[in-house]
Amino acid sequence: MRSIRTVIVIAVIAALVLPLALPLAQTYEPGALLQGTAAADSGRSSLQVVAHPDDDLLFMSPDLLRGIARGRNTVTVYLTAGEAVAGLEDDRNPVGYIEDRERGVRAAYAWVAGFRDHWRRETTSLGGVRVAVDTLVERPQIKLVFARLPDGGDPRADGGRNALTRLWTDRSGAACVHAIASGPACLSRADVLGMLRAAIRTFRPAVLRSLDPAPPAGRRPDHPDHVAAARFADEAAPADIEVISYSGYPITSLPPNLDLAEREVKRRAFALYRRHDYRVAGPGYDAWIGRMYRSPAGRGPA
C-alpha cells in the first residue's frame, strides 16, 4: 500500500502538471491552433488549382488550412496525378502511388476539418472531362477533384515529359495527352481550360487560389508543372473572382514567416500526407513548412 507521503506527492505533481497538459492537448486541434493567429479569415468559399497532391499543403497553407478548420466551403483541383517516375526508377506501381498520394491529401484535409477520414468518390464530367471527385462525408462542402493528367517528370506521357507545360503552350489544339487511368480521351489545352471553367461554374468560389504564373528567375526556379497549372487557372478565372497566387519553390530562400501555431498545424497536416508518399525527402519540405508567401500575380475581382 502506498504511504500517505507518496499519495500527497503524486497529488501535488498532478495539480501542477495537469493545468499545463490541458492546453498542450488542445493544440492537437487545428482550429485551436489557428484561432489565435492574426491572419484575417475572409469567410468566403475557395477553389484551389494545383499541379500535384501536396502543392496546396506546402505552398498555400496556412491560408488554405485556416479556411478548412473554420468550416469554409473548399474545393481543390489537382491537375496532374503526381506519379513522376514511380515504376521507372523503382519497382513501385505508378497507379498505386497515385492512389497513395490521393489518400494522403484526403487524410490531411479530414484532420484539419475535424472529421473522420471518410470520403465518397464519384466519377463525373466537368466540361466534358472525366474527373474523380472525393467528398468528405461528414463535411460535404469539402471536395477534392483529381484530373490525373501526367506528371511533368513522367516520360511515359504522350510526347514525353512536361505534358502539362506542352498543353499550355500549344494554342493550335494539336497536342493532347491521355489522363492516367481515367478513360480513353486525349485531352487538349482547350479541354483543360473547359474543365476548370466548369469547376468554377459548378462550385462557385469567391476566391481562386493558384501558384505563381510568372515566378521570378533565380537559383531555385519553380516546378514547370506549378507554373503551367497556375497559368491554366489564371486563364480560366472569370473577371469577377478574386485570384490569390502563391510562390512555390522560390520561397525556400526567403525568411520563415509563419508563427509557431501555423507551423504546427501545417507540419501535422503534411505529416499525415507524407505517410502515403514514399518520395517525400530532402530539406526543402522542412523549409516550406515554415513559410508561405503570396505572390504579386494575384488580382481582385473586376
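Here we summarise the structure given alongside this text. Bear in mind that the values here come from a model prediction, so they are computed numbers and not experimental data.

### Some words on the sheet that holds strand S9 (residues 242–246)
Inference 1: On the basis of which strands lie adjacent, the open sheet formed by 7 strands has the order S3-S4-S5-S2-S1-S8-S9 and mixed pairing. The outermost strands of the open sheet, each flanked by one partner alone, are strand S3 (119–126) and S9. Here the strands of the sheet are splayed against their neighbours by 20° on average, with no regard to which way each runs.
Inference 2: Pairing of strand S1 (residues 46–50) with strand S8 (residues 207–211), which is carried by 3 bridges, proceeds in the parallel orientation. From the neighbouring strand, Gln48 faces S8, where its bridge partner is Arg209.
Inference 3: Those strands touched by helix H5 (residues 94–113) are strand S2 (74–80), S3, strand S4 (129–136) and strand S5 (142–149), and its axis lies near 165° from that of S5.
Inference 4: Against the sheet, helix H7 (residues 189–203) contacts S1, S2, S3, S4 and S5, and its axis sits at roughly 170° relative to S2.

### So, the environment of Val131
Inference 1: Examined against the element boundaries, Val131 turns out to sit in strand S4.
Inference 2: In this view, Val131 contacts Glu122, Thr123, Thr124, Leu126, Val145, Phe146, Ala147 and Met195; residues no more than four positions away in its chain are not counted.

### Concerning the pairing of S5
Here is the key point about a regular strand: its side chains alternate between the two faces of the sheet.
Inference 1: Most of S5 is tucked away, with 8 of its 8 residues classed as buried.
Inference 2: By the bridge criterion, 6 bridges tie S2 to S5 in an arrangement that is parallel. Residue pairing for S5: Val75 is matched across the bridge by Lys143.
Inference 3: By the bridge criterion, 4 bridges tie S4 to S5 in an arrangement that is antiparallel.

### Focus: the packing of H7 against helix H8 (residues 224–236)
Inference 1: At their nearest, the axes of H7 and H8 sit 9 Å apart, and the two run at 60° to each other. In terms of their interaxial angle, H7 and H8 are classed as oblique. The two elements H7 and H8 meet at a crossing, and its hand is right-handed. Of the residues in H8, those in contact with Arg189, Val192, Leu193, Leu196, Arg197 and Ile200 of H7 are Phe232, Ala233, Glu235 and Ala236.

### Points about the nonpolar core
Inference 1: Ranked by size, the top nonpolar core spans 38 residues in total, and within it Leu57, Ile68, Tyr109 and Phe270 carry the most contacts.
Inference 2: By residue number, the principal contributor to this core is H5, which donates 6 residues.
Inference 3: Among the nonpolar cores identified, the runner-up in size contains 37 residues, and Val129, Ala157, Ala198 and Phe232 belong to it.

### Description of the packing of H5 against helix H9 (residues 260–274)
Inference 1: At a minimum axis separation of 7 Å, H5 and H9 run at an interaxial angle of 145°. The interaxial crossing formed by H5 with H9 has right-handed handedness. Residue-level inspection shows Arg101, Gly104, Val105, Ala107, Ala108, Trp111 and Val112 of H5 in contact with H9, the latter providing Val265, Arg268, Ala269, Leu272 and Tyr273.

### Some thoughts on the pattern of salt bridges
Inference 1: The tally for this structure, following the rule as stated, stands at 15 salt bridges.
Inference 2: With its nearest N and O atoms 2.9 Å apart, the salt bridge here joins Arg294 to Asp63. Here Arg294, found in the segment after helix H10 (283–289), pairs with Asp63, found in helix H4 (residues 63–69); they are 231 residues apart in sequence, far enough to count as distant.
Inference 3: Across the salt bridge formed by Glu264 and Arg267, the nearest N and O atoms sit 2.8 Å from each other. One end of the pair is Glu264 and the other is Arg267, both in helix H9 and 3 residues apart, which spans about a single turn.

What counts and how
Numbering of residues starts from 1 in every chain and runs along the sequence as written. In keeping with the predicted nature of the model, local features appear solely for residues at pLDDT of at least 70, side-chain atom pairs appear and are counted solely at 80 or more, and the whole-chain, interface and lining totals rest on all residues. Water and hydrogen atoms were dropped before computing side-chain values, which therefore reflect all heavy atoms in the structure. At least two bridges found by DSSP between two strands are what make those strands a pair. Under the scheme used here, helices are H or I runs from DSSP no shorter than 4 residues and strands are E runs no shorter than 2 residues, and both carry numbers assigned from the N terminus. All axes here are fitted lines through C-alpha atoms, helices being fitted over the stretch that makes contact, and every angle between N-to-C directions spans 0 to 180 degrees. By definition, residues are in contact when any of their heavy atoms lie within 4.5 Å. The rule is simple: take the accessible area with a 1.4 Å probe, protein chains only, and divide by the maximum for that residue type; under 20% is buried, over 50% is exposed, in between is partly exposed. Oblique is the label for any angle not covered by the other classes, which are roughly parallel (under 35 degrees), roughly antiparallel (over 145) and roughly perpendicular (65 to 115). A crossing counts as left-handed when the near helix is turned anticlockwise from the far one by less than a right angle, and as right-handed when that turn is clockwise. Take the buried Ala, Val, Leu, Ile, Met, Phe, Trp, Tyr and Cys residues and link them wherever side-chain atoms come within 4.5 Å; each set so joined is a nonpolar core. Salt bridge, as used here, is a side-chain nitrogen of Lys or Arg placed within 4 Å of a carboxyl oxygen of Asp or Glu.

Read these as layout, nothing more, since geometry by itself doesn't imply function.
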